[in-house]
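Below, each chain spelled out in residue letters.
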Amino acid sequence: MRSRNSEKRRTIFTEAMEVFEEAADLIGLNHRVRLELEEPNYEHIFYVTVALKDRLVPVTASEAGRFKDLPETHPAFAPEILADGTLVLPDNALRRGDATVRDGFVKLGSRGTYRIEPGGPRRFKAYRVQYNDVRGPYKGGLRFHKEVSLDLFKSLAAEMTWKTAIVDVPFGGAKGGIRIDPRMYSKEEIKALTLRYMYKLKSLVGPNIDIPAPDVGTNPEIMGMLFRQFSDGERERHMTRGIVTGKDVRIGGSEGRTQATGQGVAYCIEEWFKDKGQSLKGATFILQGFGNVGSWAAKILTGMGARLLAVNDADGTVHNPDGLDVAALDQYVYENKDNIRKTVAGFPGGQPIPASELFAIPADMFIPAALGGTITAEVAEKLKVKLVAEGANEPTTPEGDEVLARRGIEVIPDIIANAGGVTVSYYEWLQNKRMEHWTEKEVLQRLETAVKSNYRIIRDIATNNPRKSELHDSRPYVVGKPCHSRVAAMVLALKRIEAHYLLEGFSQ
Ligand code: NAD
C-alpha cells in the first residue's frame, strides 16, 4: 500500500500524491513525464472583493433585557435568514421601513432583539489550480468553503487529472474556489462574489481552455452566473456555453448531470456485487453526507433494493436499524422550508445518534460523500463493513488506507467511484458544442458504459487478470502482479496520460 515519503514536508497534497508515486514506480513511468505530473502546470491565487450588506445579529436573552421598552421595528423588505440565525437586510430595508434604532440595536417583534452589524467591502482569497492539460482542456469544480487551501486545491486538481483519464474523457485536471462559508452570506452577496470571481479569472479560462463545474458549496445557479459573466457582450456568446458544466438543463445543462455522480457510485457498487456473485437487494449501507452525491447515491441504491441504515451530515446523524425511508428523508432535507441548514438532523423517521457512532454500525458498505480525510486510522478500525465506496474526493487518509487493507475491507477508489459527474460534464460540453440536447436515457446509457468498462479495467489491473470483454479490454494496462485498487486506478490514469507525452513529445 501507500508508503509515506518522510523527506518531504507532509501536506494534503503530498499525501494525495503517495499513490501517484507508488503507481509511477510500479509501471516505471517515464522520468520526465513524472516530473511534469508531480506538480501543477499553474497555481493561481487571487483575491475577490465584495460589498456586504448590513446584518442583524441575534443577541443573548440577558442583552435583550436592556431593550424591553424599545418600540418594534418593521423593515420595509423581508430580511434573508442565514444558517446561524443572522438576518441580512436588503438595501434601504430600515430606512424605508418603520424603524427605531437605539445604540445600534432593533427589536423585531416575536423574532427578538438584534444588533446591527454594518456591511461594507470585504476581501476573500480565491484559487484556481490548473494541474495538467496534456489530454484536453483543464476541467474541475469550484468549491466555496471555509476550509480550503492551495495544497487542497492542488490535490483536488491532480485528482481531476487522474479521473478524467480514468473515464477516458478528453480533459485535463483543475480545481479552484473561494475561502468562504457560503451559508453565512446572502444570495445577493454570493452572486456578487461569483461574478467577481469570474471577472478576475476570465483571461485564464474558456470552453477550450479550462472548464469549471460545481463542487461543495456551489450549484447550477452559480454555474449560470459564471456563464453570463464570461459570455455577456461576446460576439459568439452561444458558442461559449461550454465555459462551465453543471448548468441547469434549461440553459444548456445535461439531462442526468445532477444525479450523475451518485449514479456513478451506484454503477461501481453494482459491478462490485456482481463480481462477488451477490445481490444488491437487501444489502445495507451507511452514508456520510447527504448533499448532491450522498442523497442521489442513497436514492439510487435504495431504488435498487439496498437499505440505508444511518446517515450523517455536518449538523447531525440519524439511524434506523430497519432502514431509513430515503424518499421521505430527501423531502425532509430539500423540500422543507423550515430546514434552513438542509440537514438530516431532526428527521422523524430515525433516531439521533452521535456522529462518531455512525462508523461502528454494521453494514455491507460505507459511502463517504462529504469532505476529504474522513476515514482516518481510527475510523477505519471502527468500520464494520466489507466495502468502502468513495463518493467524496480523498475521503481516506494513507493511515486509514493501511488499516482498511489490513482488515480486508475493500475500496472502490474515488477516482473511479465519483467520476460520473465529470463524465456527464463532458457530455454536457459536447452537447453545448454541437448545440444538441440528449435525453436522460441516452446520457445514462453512455455513463453506464463509461463507468462500468473502466471499473472493469481497474479491477483486472488490481487482480492481475488481463481480459477482453464486449465492454472492456484490460490487456494493455495489467502490470504483471496484483495491486491495491487505488494503485490500479492510478496505473490506468498514468498509462493513458503518459501515452500523450511519449507519442506527442515535449515542445520547447
Ligand atoms: P454538497 O455540498 O452537496 O454536500 C456535502 C455534504 O457533506 C452535506 O450533506 C454536508 O452537510 C456534509 N458535510 C459537510 N461537512 C461535514 C462533516 N464535517 N461531517 C459530516 N458531513 C459533512 O457536496 P457534494 O457535491 O455532494 O460533494 C460531496 C463530495 O463529493 C465532495 O468531496 C466533492 O468533492 C465530491 N464530489 C462531488 C461531485 C459532484 O458532482 N457534486 C463529483 C465528484 C466528487
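Source: prediction; values computed, not measured.

## Comments concerning the layout of surface pockets
Then step 1. Its volume calculated, the second largest pocket comes out at about 480 Å³.
Then step 2. Forming the boundary of the second largest pocket are 27 residues, of which Ile 12, Ala 16, Ser 155, Asn 393 and Glu 394 lie nearest the centre.
Then step 3. Listing elements by their share of the lining of the second largest pocket, those giving two or more residues are helix 1 (12-27), strand 8 (138-145), helix 4 (150-166), helix 12 (414-417) and helix 15 (485-504).
Then step 4. Sort the elements by how many residues they give to the lining of the second largest pocket and helix 4 lands first, with six residues.

## A closer look at the sheet that holds strand 7 (residues 120-132)
Then step 1. Ordered in space as 1-7-9-8-10, the five strands form an open sheet in which the pairing is mixed. One side of each edge strand has no neighbouring strand; the edge strands of this open sheet are strand 1 (42-52) and strand 10 (210-214). Neighbour to neighbour, the strand axes of the sheet diverge by 25° on average, direction disregarded.
Then step 2. Pairing of strand 1 with strand 7 involves 11 bridges; the strand directions are antiparallel. Its bridge partner being in strand 7, Val 50 is matched across the sheet by Arg 122.

## Comments concerning the pattern of salt bridges
Then step 1. One pass over the full model with this rule turns up 40 salt bridges.
Then step 2. For the salt bridge of Arg 10 with Glu 18, the shortest nitrogen-to-oxygen distance reads 3.8 Å.
Then step 3. When the shortest N-O distance is used, the salt bridge between Arg 34 and Asp 25 registers 2.9 Å.
Then step 4. Assessed through its relative accessible area of 14%, Arg 34 is described here as buried.
Then step 5. Connected through salt bridges with shared partners, the residues Arg 10, Glu 15, Glu 18 and Glu 399 form a single ionic network.

## Things to note about helix 15
An α-helical segment advances 3.6 residues per turn. Residues three or four places apart therefore align on the same side.
Then step 1. For helix 15, built from 20 residues, the straight-helix expectation of 28 Å at 1.5 Å per residue is met to within 8% by its first-to-last C-alpha distance of 29 Å.
Then step 2. Among the 20 residues in helix 15, 14 count as buried, and that is most of the element.
Then step 3. Phi turns positive, to about 80°, at Gly 505, one or two residues after helix 15.

## Quick word on the domain arrangement of the chain
Then step 1. In terms of domains, the chain is made up of domain 1 (40-50 + 123-250), domain 2 (54-118), domain 3 (260-417) and domain 4 (440-504).
Then step 2. Here the C-alpha centroids of domain 1 and domain 4 sit 28 Å apart.
Then step 3. With nine residues of domain 1 at the contact, the number on the domain 4 side is 12 residues.
Then step 4. At the boundary of domain 1 with domain 4, total buried surface from both sides reaches about 970 Å², with 71% on carbon and sulfur atoms.
Then step 5. On the domain 1 side of the contact with domain 4, Val 134, Trp 162 and Ile 166 bury the most area, a combined 56% of that side's loss.
Then step 6. Viewed at the interface, domain 4 and domain 1 are joined by zero salt bridges.
Then step 7. Applying the counting rule to domain 1 against domain 4 returns five residue pairs in polar contact (both at pLDDT 80 or more).
Then step 8. Among the elements that line the side of domain 1 that touches domain 4, the one with the most residues is helix 4, at four residues.

## Some thoughts on the sheet that holds strand 11 (residues 284-288)
Then step 1. Read from one edge to the other, the open sheet built from seven strands follows the order 14-13-12-11-15-16-17, with strand pairing classed as mixed. Every other strand in the sheet has two partners, leaving strand 14 (351-352) and strand 17 (410-412) as the edge strands with one partner each.
Then step 2. With two bridges connecting them, strand 15 (residues 365-368) and strand 16 (residues 387-389) associate as parallel partners. Counted as the bridge partner of Phe 366 is Val 388 from strand 16.
Then step 3. Each of strand 15, strand 16 and strand 17 is contacted by helix 7 (residues 257-276), which is oriented at about 140° to strand 17, the strand it contacts most.

## Notes on the packing of aromatic side chains
Each pair of aromatic rings is reported with the distance of its centres and the angle of its planes.
Then step 1. Taken as a whole and judged by the stated rule, the model has 17 aromatic pairs.
Then step 2. Centre to centre, the rings of Phe 20 and Trp 162 are 5.3 Å apart; their planes meet at 20°, and the pair counts as stacked. A residue pair is termed long-range when its members are at least 10 positions apart, and Phe 20 in helix 1 and Trp 162 in helix 4 qualify at 142 residues. Trp 162 matches Phe 20 in its accessibility class, with the two residues each being buried.

## Some points on the site of the ligand
Then step 1. Surrounding the ligand, one finds 22 residues, the nearest of these being Arg 143, Asp 215, Thr 261, Ala 370 and Asn 393.
Then step 2. Phe 290 places a polar main-chain atom, nitrogen or oxygen, 2.9 Å from an oxygen atom of the ligand.
Then step 3. Within the contact set of the ligand, an oxygen atom lies 2.8 Å away from a side-chain nitrogen or oxygen of Asn 393.
Then step 4. In isolation the ligand offers 840 Å² of accessible surface; the protein chains occlude 79% of this area.
Then step 5. Looking at the shell around the ligand, the elements that each hand over two or more residues are helix 7, helix 8 (292-303) and strand 12 (307-313).

## Some thoughts on the side chain of His 472
Then step 1. Assignment of secondary structure puts His 472 in the loop between helix 14 (440-463) and helix 15.
Then step 2. Of the polar contacts made by the side chain of His 472, one reaches the side chain of Asp 460; its length is 2.7 Å.
Then step 3. Those residues in contact with His 472, other than ones at most four positions away along the chain, are Ser 453, Arg 456, Ile 457, Arg 459, Asp 460 and Arg 467.

## What to know about the nonpolar core
Then step 1. With 96 residues, the main nonpolar core has Trp 162, Ile 269, Ile 412 and Leu 494 as its most contacted residues.
Then step 2. Setting aside its immediate chain neighbours within four residues, Trp 162 contacts Met 17, Phe 20, Leu 37, Tyr 131, Ile 415, Met 490, Ala 493, Leu 494 and Ile 497.
Then step 3. In this structure, Ala 126, Tyr 185, Val 205 and Phe 230 belong to the second largest nonpolar core, which totals 24 residues.

## As for the environment of Met 304
Then step 1. Checked against the element boundaries, Met 304 lands in the loop between helix 8 and strand 12.
Then step 2. As a C-alpha pair, Met 304 and Gly 282 span 22 residues in sequence and 9.0 Å in three-dimensional space.
Then step 3. Leaving out residues up to four positions away in the same chain, Met 304 has contacts with Ala 266, Glu 270, Leu 280 and Lys 281.

## Remarks on the packing of helix 8 against helix 9 (residues 326-334)
Between two packed helices, both the angle of their axes relative to each other and the distance between the axes serve to describe the pair.
Then step 1. One can describe the packing of helix 8 onto helix 9 by two numbers: an axis separation of 10 Å at closest approach and a directional angle of 155°. Classified by the angle between their axes, helix 8 and helix 9 sit roughly antiparallel to one another. Here helix 8 runs over helix 9; the crossing is left-handed. In contact with Asn 292, Ser 295, Ala 298, Lys 299 and Thr 302 of helix 8, helix 9 contributes Val 326, Asp 330 and Tyr 334.
Then step 2. By residue class, the composition of the contact of helix 8 with helix 9 is three nonpolar, three polar and two charged.

Cut-offs and rules
Residues numbered from 1 in each chain as written. Predicted model: local features only at pLDDT ≥ 70, side-chain atom pairs only at ≥ 80, totals over all residues. Heavy atoms only, no water. 1 Å grid on protein atoms, 1.4 Å probe; cavity = no way out; pocket = protein on both sides within 12 Å on 5 of 7 lines; lining within 4 Å. Points joined across faces, edges and corners; volume = space filled by probe spheres on them. Helix = DSSP H or I, 4+ residues; strand = E, 2+ residues; numbered from the N terminus. Pairing = 2+ DSSP bridges. Axes fitted to C-alpha atoms, helices over the stretch in contact; angles between N-to-C directions. Salt bridge = Lys/Arg side-chain N within 4 Å of Asp/Glu carboxyl O. Buried < 20%, exposed > 50% of the residue type's maximum accessible area, 1.4 Å probe, protein only. Expected span 1.5 Å × (residues − 1). Domains from an automatic or database assignment. Contact = heavy atoms within 4.5 Å. Buried area = accessible area lost by both parts, 1.4 Å probe. Polar contact = N/O pair within 3.5 Å; in protein donor to acceptor, adjacent residues only side chain to side chain. Phe/Tyr/Trp six-rings, centres within 6.5 Å; stacked < 30°, edge-to-face > 60°. Near = heavy atom within 4 Å. Areas by Shrake-Rupley, 256 points an atom, 1.4 Å probe, with all protein chains shown as cover. Core = buried A, V, L, I, M, F, W, Y, C linked by side-chain atoms within 4.5 Å. Parallel < 35°, antiparallel > 145°, perpendicular 65-115°, else oblique. Left-handed = near helix turned anticlockwise from the far one by under 90°. Nonpolar A, V, L, I, M, F, W, Y, C, P; charged D, E, K, R; others polar.

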